[in-house]
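The chain contents come next:
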Amino acid sequence: MKSELKVIAQFTYSTEAQIIKGRLEADGIEAFLQDEYTIDTDPLISNAIGGVKLAVWTEDVLRAKTILESVAEYSVDDEGKALHCPQCNSTQVKYYTTVNSFKAFASFLVTLLVSVLPIYTKYEYRCENCKNQFNLNG
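Computed from a prediction, not measured in an experiment: that's the story for all the values here. (Residues numbered from 1 in each chain as written. Predicted model: local features only at pLDDT ≥ 70, side-chain atom pairs only at ≥ 80, totals over all residues. Heavy atoms only, no water.)

1. Structural notes on the pairing of strand β2 (residues 31-34)
- By the alternation rule, side chains of β2 split into Ala 31 and Leu 33, which are all buried, and Phe 32 and Gln 34, of which none is buried.
- Direction of pairing for β2 relative to strand β3 (residues 52-57): antiparallel, over a ladder of four bridges. Within the sheet, the bridge partner assigned to Ala 31 lies in β3 and is Val 56. (Buried < 20%, exposed > 50% of the residue type's maximum accessible area, 1.4 Å probe, protein only. Helix = DSSP H or I, 4+ residues; strand = E, 2+ residues; numbered from the N terminus. Pairing = 2+ DSSP bridges.)

Spelled out as structure tokens, the structure:
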């Protein structure tokens, strides 16, 4: 008989949680998602309810956390190698959406009024070490 479920991670979107859940299940750990359908129905409330929660049985917590720590947190290229910041050469690079130009801001406002999610968004990489923002194509 299994003991009780323990939440080991929270995610803003269910897609992120599904990927990690699949990774845990591939290693034989039974995993469960909480609030995934609520957030899929209305993604804007994710922060309000604490995101999608990933839970495992208490006897699997240590193994699951070890697997979570092994999953790369930072961006990689198409070959799976860590991206390097062009300014400081750090590998602590993440992919972010930005609204830092007039075109992006105007598009964001218009689509926010017309629909739920913005149609036009701009993405950039940002180094967590030196905060440099850059694109791979120059």
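2. Concerning the packing of aromatic side chains
- Inspection of the entire model under this criterion finds one aromatic pair.
- Ring centres 5.6 Å apart and planes at 80 degrees place the aromatic pair Phe 32 and Trp 57 in the edge-to-face group. Within this pair, whereas Phe 32 is found in strand β2, its partner Trp 57 is found in strand β3, the two being separated by 25 residues in sequence. (Phe/Tyr/Trp six-rings, centres within 6.5 Å; stacked < 30°, edge-to-face > 60°.)

3. Topic: helix α4 (residues 61-70)
- Restricting attention to buried positions, one finds in α4 the residues Val 61, Ala 64 and Ile 67. In a view along the axis of α4, the buried residues occupy a sector of 130 degrees, so they form one face of it. Of the residues in α4, the exposed ones pointing more than 90 degrees away from the buried face are Leu 62, Thr 66 and Glu 69. (Arc of directions from axis to C-beta.)

4. A look at the pattern of salt bridges
- Inspection of the entire model under this criterion finds three salt bridges.
- Close ionic contact of Lys 21 with Glu 25 constitutes a salt bridge, the shortest N to O distance being 3.1 Å. Here the residue Lys 21 and the residue Glu 25 both occupy positions in helix α1 (residues 14-26), the gap between them amounting to four residues, near one helical turn.
- Here Glu 25 falls in the partly exposed class, since its relative accessible area comes to 38%. (Salt bridge = Lys/Arg side-chain N within 4 Å of Asp/Glu carboxyl O.)

5. Focus: the environment of Val 52
- Here Val 52 lies in strand β3.
- Classification of Val 52 as buried rests on a relative accessible area of 0%.
- On a C-alpha basis, the gap between Val 52 and Ala 17 in space is 6.8 Å, while along the polypeptide they are 35 residues apart.
- Not counting the four nearest positions on each side in its chain, Val 52 is found in contact with Ala 9, Gln 10, Phe 11, Tyr 13, Ser 14, Ala 17, Leu 33, Gln 34, Asp 35, Glu 36 and Ile 39. (Contact = heavy atoms within 4.5 Å.)

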